[in-house]
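Survey of secondary and tertiary structure
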Amino acid sequence: MTLKFKEPAPIVDHLNPLESMMQRFDEAATILGLDESTYNALKSPEKAVIVSLPVTMDDGKVQVFQGYRVVHSSKLGPSKGGIRYSMGVNLDEVKALAAWMTWKCAVVGIPYGGAKGGVQCDPRTMSDGELERLTRSFTGAMRDVFGPEKDIPAPDMGTNPQTMAWIMDEYSKLKGEASPAVVTGKPLVLGGSLGRMEATGRGVMVSARSAMAKLKMKPSEATCAVQGFGNVGSISAKLIEQQGVTIVAISDISGAYYNPDGLDIEEAIEYVVNHKSLDGFKGGKIITNEELLELDVDILVPAALEDQITEENAARIRAKLIVEGANGPTASNADAILEANGVMVVPDILANAGGVSVSYFEWVQNRLGYFWTEERVNRRADRIMKQAFDAVYKAARKHNCSLRTAAYIVAIEKVANTSKLRGIF
Ligand code: GLU
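Side note on the overall build of the protein
- Regarding its fold elements, the protein presents 14 helices and twelve strands.
- Here the C-alpha radius of gyration of the protein, 20 Å, is about what a compact globule of 425 residues would show, namely 22 Å.
- Of all 425 residues assigned to the protein, the portion counted as buried reaches 59%.
- Within the protein, contacts between residues separated by at least 24 positions form 70% of all contacts whose residues are at least 6 apart in sequence.
- In the form shown here, the protein has an accessible surface area of approximately 16,700 Å², with 50% of it arising from carbon and sulfur atoms.
- Computing the positive centroid from 47 side-chain charges and the negative centroid from 52, the protein places the two 7 Å apart.

Okay, structure coming up:
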């Protein structure tokens, strides 16, 4: 069984992520001078499917779970996006996450639209058997939504390569043919790609490196705090540390761990493999998640949940650079505060796009039936991330706006132009 990473406790949900997404969309659409018809066509998802999933639990009782799949756009290609298993899943959250996938794929220039799925459940309290039955039931319910040329799921919070293996198996059985390209983030033996596990964290590192160069920040003199120690947080921390940056704080659901002299990230990862969380980790002094966000560091990587940086705490953020590993970690009403304080924010739809970029490579390899070396995957993914950063940076200069607004501008322009070429109405 693959390691199930823990998610940190939510702080306070100040602004619904859909509102945050829409505020940014509106701002970029205004700067772009997007016409009303295109604006209206892009603001609502193409499809939202809600299903009830009865699952027999280990005690013999049937529990009914709510499942969602929202396809925001399929203009640039089949829709792409992860599946989240969490108690916080609701339609608005999935809609926001689906739209973010559209903008994310467009920013990095991969031929996909955006989608997201979720099941409201607590995977930490469920057995492997229960998770398997739930996943197969969800896949069955979505058999006409998913498809290698239609809509391609992937892991997100609370799901992992094993979950993707069940989706691939169930879908292939239902269709009566091997269908590895229906889902990405699979285990290697089932057609997964080398480099996919590390891809999101790697993209966060490449984004941090590009931003540090613009800020003339020397990695060997920089300090960094990482919120969240799941797949994205732990690998971001490891790879940023390898750049020479001192990681002074990390956190997960058990709390935050701070050591001004630097934490040993390999040791922390090893600890989580053995203990399932950082609970009891002795590498640093225990602080709160809120304190971690406000530490006097050069770089902050929020890689946990949505809405961690809000109008309430934004003024207390002391990092000069924020690289968003999570989706939506900054509420939109915090943007202006960070900007006024001169904090550079590499936005989620750019910074964490390394994962979906390598998902694209996995899908390409599945369709080719030919697999690349890890070196080739990493080289191509790094190039995508670097080019996307440079394009967004250039757009920010051109429109005299933040990197976040610039990323939305680049993405919306691409999707709007494609929609016009295809003809929308
Ligand atoms: N769940 C990841 C994200 O939010 C990956 C999506 C994918 O690979 O399709 O970007």
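Observations regarding the nonpolar core
- Within the largest apolar cluster, 90 residues are counted, with the highest numbers of intra-cluster contacts made by Met21, Trp103, Ile250 and Ile299.
- The residues contacting Met21, other than those within four sequence positions of it, are Ala96, Ala99, Trp100, Trp103 and Tyr408.
- Ranked by size, the runner-up nonpolar core spans 25 residues in total, among them Val51, Val71, Leu134 and Met164.

A closer look at the sheet that holds strand β2 (residues 62–73)
- Here we have five strands laid out as an open sheet, ordered β1-β2-β4-β3-β5, and mixed in their pairing. In this open sheet, the two strands that pair with only one neighbour each are β1 (47–56) and β5 (151–155). Adjacent strand axes in the sheet meet at a mean angle of 25°, parallel and antiparallel pairs treated alike.
- The pairing of β1 with β2 spans ten bridges and is classified as antiparallel. The residue of β2 that forms the bridge with Ile50 is Tyr68.
- Here helix α3 (residues 91–108) sits on the sheet and contacts β1, β2, β3 (79–86) and β4 (113–120); the angle it forms with β4, its principal contact strand, is near 150°.

Here we look at the confidence of the model for the protein
- Looking at the protein, the pLDDT average stands at 95 and 96% of residues meet or exceed 70.
- Within the model, pLDDT remains below 50 along residues 1–13, and this stretch shows 40 contacts once partners closer than five positions in the same chain are excluded.

About the criteria used
- Residues numbered from 1 in each chain as written.
- Predicted model: local features only at pLDDT ≥ 70, side-chain atom pairs only at ≥ 80, totals over all residues.
- Heavy atoms only, no water.
- Helix = DSSP H or I, 4+ residues; strand = E, 2+ residues; numbered from the N terminus.
- Rg over C-alpha atoms; globule rule 2.2 N^0.38 Å.
- Buried < 20%, exposed > 50% of the residue type's maximum accessible area, 1.4 Å probe, protein only.
- Contact = heavy atoms within 4.5 Å.
- Areas by Shrake-Rupley, 256 points an atom, 1.4 Å probe, with all protein chains shown as cover.
- Lys, Arg positive; Asp, Glu negative; His and termini not counted.
- Charge placed at Lys NZ, Arg CZ, Asp CG, Glu CD.
- Core = buried A, V, L, I, M, F, W, Y, C linked by side-chain atoms within 4.5 Å.
- Pairing = 2+ DSSP bridges.
- Axes fitted to C-alpha atoms, helices over the stretch in contact; angles between N-to-C directions.
- pLDDT = per-residue confidence, 0-100.

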